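# Tertiary structure, described
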Amino acid sequence: MSSEVEPVTDIVNLIGKWEAEHQNEGYDPLPFLTRCSKILESGLAEFHKRRPDPFDQRHPKLVVPECRLGKALKVLENCKKFNDMLTSRYLKTNESPKNVGRVVIASAKLAILARIGYRIPGLDTKEYVNVLISWIIYANEPLRTYATGLIDGRCVAKTSSKDKSIKLISILLKRLWNYLEPDIYKEVECIVINGKQDVSEPRKRKRSSDFISEINSEFVVYQCYTFSLLACYAELQEFRSAFDGCNVLPLIIGYLETRSKDRLINDILKFLSTLLCYEEATTDFIELDGIQKLIDIPRPSTGSTGVSLCFYNLACRKEAMGKICHSPAHILRELIEYAIWLLECSHDSGKSNIARFFSEAFSYRDILLIFDDMNGLRYLINMICMTKYITHIDDEEYYPLEDPDFLNTTLHIIRPACVALSRYFQAHTVFKVGELVKSRPALKHKYPSIECLTQYGTAMYTRIQHHEYFEALRELGHGCDNFNLGSWAPIALFQRLGGVPFLLNIIDNTHEFAYTIPAQYEVCQAALDVLRCVTLSQSCQIMLTKSHPGLGLDWIGLHVILEFIVTFLDNNDAMTYRDGIAANSALAVIAHCTEFTGTESKNDTEYSKVHATPKYINKKHAVKETLWKLIRQANDIETLVSLLGVTKPARTADETRYFACKALVGLAEYRPVCEILPKLHVLTSKLHKAILKPVCKDKKQLHAKFCNEVKLLLERIITRKAITLDADWKTVLTSDFASETRARYDNEDLLMIIYVDLFLSDPHRNLGVMIFPGEDNNVFTTPQSVRKLETGKSFVTENSGFSESNHSALPVTLNSLIEECSKHKKSECRHPVISIPPFSLFTHQHCPKPKNRIAASVNIQKRQCYRQGVHPEWGGMRHQLPMIYSRFRHAGEMRSTRDRWSRFTAVAFSHNDDCGLILGDSAGNLHIPKASKFEHRVKTGIFDSHITRIEPSYAGVAMLAVSSNGWAQNCVLLDMDNALDVKLTFDGVDDVEFSKIVPDKMVATCGLTQAIMYDLNTGTAINTYGRDPDEDPDTKDKMSCYYEKNRATFSYDDRLVLSDGSLWDVRKPQVLPVHRFDRFNCVISGVFHPNGFEVIINTEVWDMRNFKLIQSVPALDQCQLIFNRGGSVMYATKLHSENYPSLMSAFRTFDSSNYKQLGFISVKQQVYALALDDWDRNVAVIETPNAERSSVSVCRMYEVGMMSENNEGDRSD
């Protein structure tokens, strides 16, 4: 057996021997206790040789898994009988503290060694606390040392009186002074114990001036335990006054000056860091030149780790940091140099503490400048990159939740480091904006809330205030002559150090667990806050368009940010305040990436002459267009639109709406998106609800900014200025249509109006000449120095060098005024047109009304008369559709059995006259009723689970059936001419459809993303469209839409296949689709319109000729569409899905030419499935009380166009 296992085996043998002998009369436990202590002492010595983190309070086995100390402690911890005996018998004594037996001393020694790994039960009771206090005061060594190490100050505070604890603190401090300077306090120690006052005799010890360097190890251990006990007391506010009269800070500095042993220094610094949590102590410590004493602590050493904690506690005190910044320059530089060394070489806890120090210290300009001068950003980034959390990213077997201890320890380092990195850029932003505003007095009125900080000013602001600074930096970076965001030193250095890729890796590997592990959420938030700042530069935005090592398959940086937002939206109901903050940071990154600022530099400054050239602007536009395309391809227009209506978390919902709208404003610059947004009904409905009032009443200022962004969004997508937020959407669209109309009028009318106006103002003026020499009578100008032109909110001065408006200033002419007036009047017309004939300015203007000369009358009697005439009218059948397809009469019904496995789940009409209706049930059987008497025959044994789809061929010779039994032969091709015999079977099919013209092919839907076309003559696959569902689900493909109810379908000419929102050409194999439609829902994948020109995907109607959005039909939301044989009418039923589990107890009919609703037909129960016959005479509807838990269903037949009978409502279900 190896030497590593020998101590463990030895202690196991000792415990076994003790369990066998300890109940014997006269048993002496001293050899057993002594031997166990020696084993633990040897293991502890070996453990300390590995120089573990002094602030790591975990079990030694977790710190060093192969260490013998941890294994021995685990064995001892599992022996509960011995631990109970240790506190109930071996540590108990009735003897005087000065005459305690050897068994008690050995037990105390073993107990203090065992407490390294676990807590011994019973030591925190009031009885033992009083015993330990008496040993601390009156016992001799080594029992006094053991008692000091065993007692816990927090337990003493709970079980003893406050006066007793204060006296104990005083005694301990005086002893420490006596160890430092012998006989400085007379050693007469008394304390009340068990109601009696005992006074110990003075004990005289020989001391020398250099005692600390010569004392033996027992006294060093005692001092370590004493400082640890005092640190416990110092954490409690009620005992703060007990340290005031004992010169604690001079005592600590005295110990630091004596160059004490490394272990003692670390315990001293723990005590000091606790005292530095108080404002008075920090001030006194700095006045005692304590900063220099901390800097003088040698490195590397265990004590240097304690220095990091002291630095952090000092940084938390604003007054103390102000004094540190006023310290001599060499001390400040030495402090920052020491801190940067800790970032690189300290223990994990030291790195964590010093990162927290910098996160607070970056708010001070002097410290920030010295940090940059020492290249501190490189050390900070290296510290993050070298953590195990980052180095394990490329490990395919790494899964954080499987090793929570490893995850917590690594996040303990990376979390404060990422926070420090975000504070670094926030501080730089605040100082830079203040500097730019200070150098340009003309800008102070534009940014009144921005402070021009002094040399010692701090950059401590709230999150909303930092956002204002980011916005100001973006505007100043694109509108100032001597400042360019692309070359700004902090961002340029961060990009040169590869900061963007490693932040993307952090977000990609933490966002999955960010909403379950708080530390990972903070890491995500800090990383996103950094990207929020650096993406102000276009060079960093370019990095988001590239793929980086460690990311998912075919993923780029922008996909990582978008996936984080999607995760937030999918779990919005369970989100908390902190989750909303992280999501808002991600949205701010997207807003920066979408916002185009290429036209904002059109001033006469030197910057615009050098940088804002057409080539420069075109390059910026190309980058923005790439970002716009990537966001659109990732289907995140739907995500941004959905975020406009969020209400949870309430405290961050207004900010979420603001950033989502701001991102949409940037996307609206992209022409294809700008053409889509006005036609989205979901966008308009959410905007009208969102602008009414803020989610939180205290967010009115932010809500006002959101309303301004909404107005800007409407102006961009409607192309008409001065839009009122309270206007309805129909008025906005009409106004947009009228804005494209150009006024055409007679110029003589304009001259006549001018003549009359001048004559009425001054009748004696000579009006013979209307044109004045050297002047344009149609243009009114003002002095050239200052021009105030009402174009948006523009104010331009020639000498300012800065423009506050994004719109170019244009002169106001008479023609422009007349055109605006004409557009306003035409927007009030019911039928505005673009091309209108010339009109007179003296007559009322209105657009001509449509005459509809050949249109059929709405009156049915007139239509019947005109049918017999010579000239038939157009559109008469359209008026008949509402009368036919809004009336359905019950014709019969068929009920399933009471067995829960026999309810109907699918229905279809056969194209064969011999069969008629076909039903599928939850037991996998097919029911074929006879059309005449509704009697039926059953084909059993086809599947073992419920049938989800029945698809008869148009030729009436074959039928496809699909079940939900998984991936093993769940689709069959049946021969309808031969007793429904099985001809072919297919695996892994979710849905099927025959080709429309010749039913010799079928397209099978496999999973959420893939469709396979089969040749039914041979049963072989012809082509595959989309992503294989067997691939790793974690490697998502951003080219897929992942519709929950994806159904592949043929076009009506069998040349195209629509699957997963993508259009595929079946005539040739392709790796990429012909076109992928934008996704605005997550359930419906779409169908072809019978007219051959349109595709309907949920509520959106797309034109197949130019792939543009035609219109949005809100009534079709989450509906499955079925067209009649002629294609003139479509039936809509609510589709059952995870996001929409409830069905509707009705079905609707629509005119397929204009998507107007023809009828709303209510039924008794929820509609589960619907089918039409070939002659458009009958409709079969499967109704069920509950789509998931019901055991009974009914199939009812309805006759189309027939009035329902009066007694139909009396039927019982």
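A brief structural summary. (Residues numbered from 1 in each chain as written. Predicted model: local features only at pLDDT ≥ 70, side-chain atom pairs only at ≥ 80, totals over all residues. Heavy atoms only, no water.)

## Considerations on the sheet that holds strand β18 (residues 1049-1050)
The four strands lie next to each other as β18-β19-β20-β21, forming an open sheet whose pairing is antiparallel. Only two strands of the sheet have a single neighbouring strand rather than two, namely β18 and β21 (1075-1076). Two strands pair when backbone bridges link them, and strand β19 (residues 1056-1059) and strand β20 (residues 1062-1065) are joined in this way by four bridges, in the antiparallel orientation. Residue Val1057 lies in a different strand from β20, and its bridge partner there is Trp1064. (Pairing = 2+ DSSP bridges. Helix = DSSP H or I, 4+ residues; strand = E, 2+ residues; numbered from the N terminus.)

## Quick notes on the sheet that holds strand β28 (residues 1146-1151)
One open sheet accounts for four strands, arranged β26-β27-β28-β29; its pairing is antiparallel. On the outer flanks of this sheet lie β26 (1119-1123) and β29 (1157-1162), each paired with one strand and no other. Recorded for the sheet is a direction-independent mean angle of 25° between the axes of neighbouring strands. Here strand β27 (residues 1129-1134) pairs with β28 via four bridges, running antiparallel. Looking across to β28, one finds that Tyr1131 is bridged to Thr1149. (Axes fitted to C-alpha atoms, helices over the stretch in contact; angles between N-to-C directions.)

## A word on the packing of aromatic side chains
One pass over the structure, following the stated rule, counts 32 aromatic pairs. Seen in terms of ring centroids, Phe1080 and Trp1102 are 6.4 Å apart; in terms of plane orientation they differ by 15°. Their pairing is stacked. Here Phe1080 is found in the loop between β21 and β22 (1087-1088), whereas its partner Trp1102 is found in strand β24 (residues 1100-1103), with 22 residues between them in sequence. For the pair shown, Phe1080 and Trp1102 are each scored as buried. Ring pairs connect the aromatic residues Phe311, Tyr338, Trp341, Phe357, Phe358, Phe362, Phe371, Tyr424, Phe425, Phe494 and Phe502, which therefore count as one cluster. (Phe/Tyr/Trp six-rings, centres within 6.5 Å; stacked < 30°, edge-to-face > 60°. Buried < 20%, exposed > 50% of the residue type's maximum accessible area, 1.4 Å probe, protein only.)

## So, a nonpolar patch on the surface
On the surface, a cluster of nonpolar side chains totalling about 680 Å² of accessible area is made up of Met752, Ile753, Tyr755, Val756, Phe759, Leu760 and Phe842. On the secondary structure map, Met752 appears in helix α40 (residues 747-761). (Patch = residues over 30% accessible without salt bridge, like charges linked within 9 Å, V, L, I, M, F, W, Y side chains within 5 Å. Areas by Shrake-Rupley, 256 points an atom, 1.4 Å probe, with all protein chains shown as cover. Salt bridge = Lys/Arg side-chain N within 4 Å of Asp/Glu carboxyl O.)

## Focus on the pairing of β29
Bridge analysis of β28 against β29 gives five bridges, and the strand direction is antiparallel. Among the inter-strand pairings, Arg1148 is bridged to a residue of β29, identified as Phe1160. Counting the residues that bridge the hairpin from β28 to β29 gives five residues, and of these Tyr1155 lies at a positive phi of roughly 60°.

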